[in-house]
Amino acid sequence: MDEGEIPSRNGGGTAAGNETVIVRAPTEERNSGTYDIDLLPALGILREINAEDTTVPRAVGAVLPELARAVELGVAALENGTAIHYFGAGTSGRIATQDAAELPPTYGVPPEWVVAHHAGGNDAVQRAVEGVEDDWESGRADAAGVEPGSLVVGLAASGRTPYVGGALEAARERSARTALISANPDAPLAEGVDVHVGVATGAEVIAGSTRMKAGSAQKLALNSFSTAVMVRMGRTFSNLMVGVDATNGKLRGRVVTILTQATGLGKDECARALTAAEGDTRTALVSLLAEVDADRAARELDRAQGRVRAALSALGVPGQEPHA
C-alpha cells in the first residue's frame, strides 16, 4: 500500500482479517526524545510524557483559523435547523461521544443539535471492538441520516480511518458540509472536505499510541469547537452559562448565582425574577437587565432566536454590539 493510501472500499469496506495495513502518519513515527523511556524510573517516564504534552496546546494554536472556519460552518448548520454530527473510532470516537453528551446539560441545548457516531456503536465506546474502524461502508451507513446543510465532523488521528472516510463521503453526497480534525497535516481524508484541522502533534511518546498527544489535541480542538459554537449561538452571556434552566433546587441555586453575577443585583431580586420567568435563565436575565417583565423579555428572546445580547439591544440596553 502506498503512503497515505486509504484501504479499499470494495468487498463491504471491511479489511480482511489477514490483510496488513501499514499506516504512514506522523503519529506512527518513533519519537527520538523517548528512546530510553523503558529504562527510566516512574518519575523519569512521567517527565518525558509531560514534556511532550506541553507541545500540544501550541500545535492546536497553529490551526485556530481552520478551527474557526469549522465553527462558522457549525453555527450555520444549527441556524438552518440542521445538526452537527461527529464521526470517529477508538479514542477519537470516545472524545466525540463525551463532547456531544456534555453539551445539553452545560448549555441547555437539545441533544439533536450535536450527535456523536462511534464506529461499532455504543459497545465500542466501553471497550475496543476490533476491525470496526476499517469499515468504510459502516461509516457510510451511519451517515445515511445526515440532512442536507448539516455539518459532519470526522475525527481521525491518522487522517485515514476508513469508517470516518465513509461517513465524510456519504455526507458530501447528501449535500452536508464536512470537516476533518486529525493529527496529520497531510491527512488522506482531507481531500474533498470543506475544512481540515490538521494538528501537527508529531510522533507520540510511545509510537502509534494516539490516545496520547493526538488524543489530547482532539480533546482540545473539539472542546474549543463546540464551546465556540455554543457562544456564537447565544448560549452564554459574557462568560456565563445562561442556557441552564432551573429544573430542580440545585440548579435553581446555580442559576440565581449566575443572575447575581451577570446583573450585580441581590439574590432575592434575582430569585423573584427567576420565578416570574418560570425557571428560564435567559428570560430572567433579560427581564432584570432591561427592566421589563418576563413576558416581554421572553418575546424579545424569541425574536432574537434566544440570543440574550440581541434581545437586550432590541430593548435599548447599550453595549450589546459584538466586537468586529
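Residues numbered from 1 in each chain as written. Predicted model: local features only at pLDDT ≥ 70, side-chain atom pairs only at ≥ 80, totals over all residues. Heavy atoms only, no water.

1. A short note on the overall build of the chain
Spelled out, the test is: Numbering goes from the N terminus for both helices and strands, where a helix is a DSSP run of H or I of at least four residues and a strand is a run of E of at least two. Buried, partly exposed and exposed residues are distinguished by accessible area as a fraction of the type maximum, computed with a 1.4 Å probe on protein chains only: under 20%, between the cut-offs, and over 50%, respectively. Throughout, a residue-residue contact means that at least one pair of heavy atoms, one from each residue, lies within 4.5 Å. Only the protein chains shown count as cover for residues, and all accessible areas are computed by the Shrake-Rupley method using a 1.4 Å probe.
Across its full length, the chain carries 13 helices and seven strands. Counting every position in the chain, which comprises 324 residues, the buried fraction comes to 47%. Taking contacts inside the chain between residues at least 6 apart in sequence as the whole, the part at least 24 apart equals 67%. Surface exposure of the chain reaches about 15,700 Å², of which carbon and sulfur atoms provide 48%.

2. Points about the sheet that holds strand E1 (residues 84–88)
Applied cut-off: Strands are labelled as partners when DSSP assigns at least two bridges between them. Each axis is a line fitted through C-alpha atoms, taken for helices only over the stretch in contact, and angles between the N-to-C directions span 0 to 180 degrees.
Pairing in this open sheet of five strands is parallel, and the strands run E2-E1-E3-E4-E5 from one edge to the other. Both edges of this open sheet fall to strand E2 (114–118) and strand E5 (195–198), since each of them pairs with a single strand only. Mean inter-strand twist for the sheet, computed between neighbouring axes without regard to direction, equals 15°. Of the pairings in the sheet, the one linking E1 to E2 comprises five bridges and is parallel in character. Within E2, the residue paired with Gly88 across the bridge is His118.

3. Concerning the confidence of the model for the chain
Where we set the bar: Values of pLDDT, ranging from 0 to 100, describe the predictor's confidence in every residue of the model.
Put simply, the chain has an average pLDDT of 90, and 90% of its residues get 70 or more. Low pLDDT (under 50) marks residues 1–8, which in the prediction has 16 contacts with non-local residues, meaning those over four places away or in another chain. Here residues 10–16 scores under 50 on pLDDT; set against residues more than four positions off or in separate chains, the count is 11 contacts.

4. Some words on the pattern of salt bridges
When the charged atoms of two side chains lie near each other, side chains of opposite charge can form a pair. We count it as follows: Here, a salt bridge means any side-chain nitrogen of Lys or Arg that lies within 4 Å of a carboxyl oxygen of Asp or Glu.
According to the stated counting rule, one finds eight salt bridges in the structure shown. In this structure, the salt-bridge partner of Arg140 is Glu137, at a minimum N-O distance of 3.9 Å. In this pair, Arg140 and Glu137 are both assigned in helix H6 (residues 136–142), three residues apart and thus about one turn of the helix distant. The class for Glu137 is partly exposed, based on a relative accessible area of 34%. It is possible to trace a salt-bridge network through shared partners that takes in Glu137, Arg140, Glu169 and Glu173.

5. Focus: the pairing of strand E3 (residues 151–156)
Where burial is concerned, most of E3 is hidden: six out of the six residues are buried. Along E3, one buried face is formed by Leu151, Val153 and Leu155 and the opposite face, lined by Val152, Gly154 and Ala156, is buried too.

6. Focus on the nonpolar core
Here is the rule: Throughout this description, the term nonpolar core refers to a set of buried Ala, Val, Leu, Ile, Met, Phe, Trp, Tyr and Cys residues connected via side-chain atoms within 4.5 Å.
Counting residues in hydrophobic clusters, the biggest one holds 36 residues, and the most contacted among them are Ile84, Tyr86, Val153, Phe225 and Val229. Among the elements that take part in this core, helix H3 (residues 64–79) stands out by supplying seven residues, more than any other. The residues contacting Ile84, other than those within four sequence positions of it, are Gly74, Leu78, Trp113, Val114, Val115, Leu151, Val153, Phe225 and Val229.

7. Observations regarding the packing of helix H11 (residues 281–290) against helix H12 (residues 294–303)
A pair of packed helices is characterised by two quantities: the angle between their axes and the separation of those axes. Note the threshold: Angular relationships are summarised with four words: roughly parallel below 35 degrees, roughly antiparallel beyond 145, roughly perpendicular across 65 to 115, and oblique for the angles in between. Note on convention: near helix rotated counterclockwise from far helix by under a right angle means a left-handed crossing. Clockwise means right-handed.
H12 packs onto H11 with a crossing angle of 110° between their chain directions and a minimal axis gap of 8 Å. Taken together, H11 and H12 sit at an angle that is classed as roughly perpendicular. The handedness of the crossing between H11 and H12 is right-handed. Of the residues in H12, those in contact with Arg282, Thr283, Val286 and Ser287 of H11 are Ala294, Ala297, Ala298 and Leu301.

8. What to know about unusual backbone geometry
Backbone geometry places Glu291, a non-glycine residue, at a positive phi of 55°. On the secondary structure map, Glu291 appears in the loop between H11 and H12. Look at Gln305: it is not a glycine, yet its phi comes out positive at around 55°. Within the element layout of this structure, Gln305 appears in the loop between H12 and helix H13 (308–314).

9. Quick notes on the side chain of Thr201
As for its placement among the helices and strands, Thr201 is situated in the loop between E5 and helix H8 (213–232). Owing to a relative accessible area of 5%, Thr201 belongs among the buried residues under this scheme. The contact partners of Thr201, leaving out residues within four places of it in the chain, are Thr27, Ala59, Ala183, Lys213, Ala214 and Ala217.

10. With respect to helix H1 (residues 42–53)
Applied cut-off: What a helix is expected to span follows from its residue count: subtract one and scale by 1.5 Å. Directions drawn from the helix axis to the C-beta atoms are what define this arc.
Over its 12 residues, H1 runs 16 Å from end to end, which matches the ideal 16 Å to within 8%, given 1.5 Å per residue. Those residues of H1 lying buried are Gly44, Glu48, Ile49 and Glu52. Taken around the axis of H1, the buried residues stretch over an arc of 135°, which confines them to a single face. In H1, the exposed positions angled more than 90 degrees off the buried face are occupied by Ala42, Leu46 and Arg47. Those residues of H1 hidden inside the fold are in contact with helix H2 (56–61) and H8.

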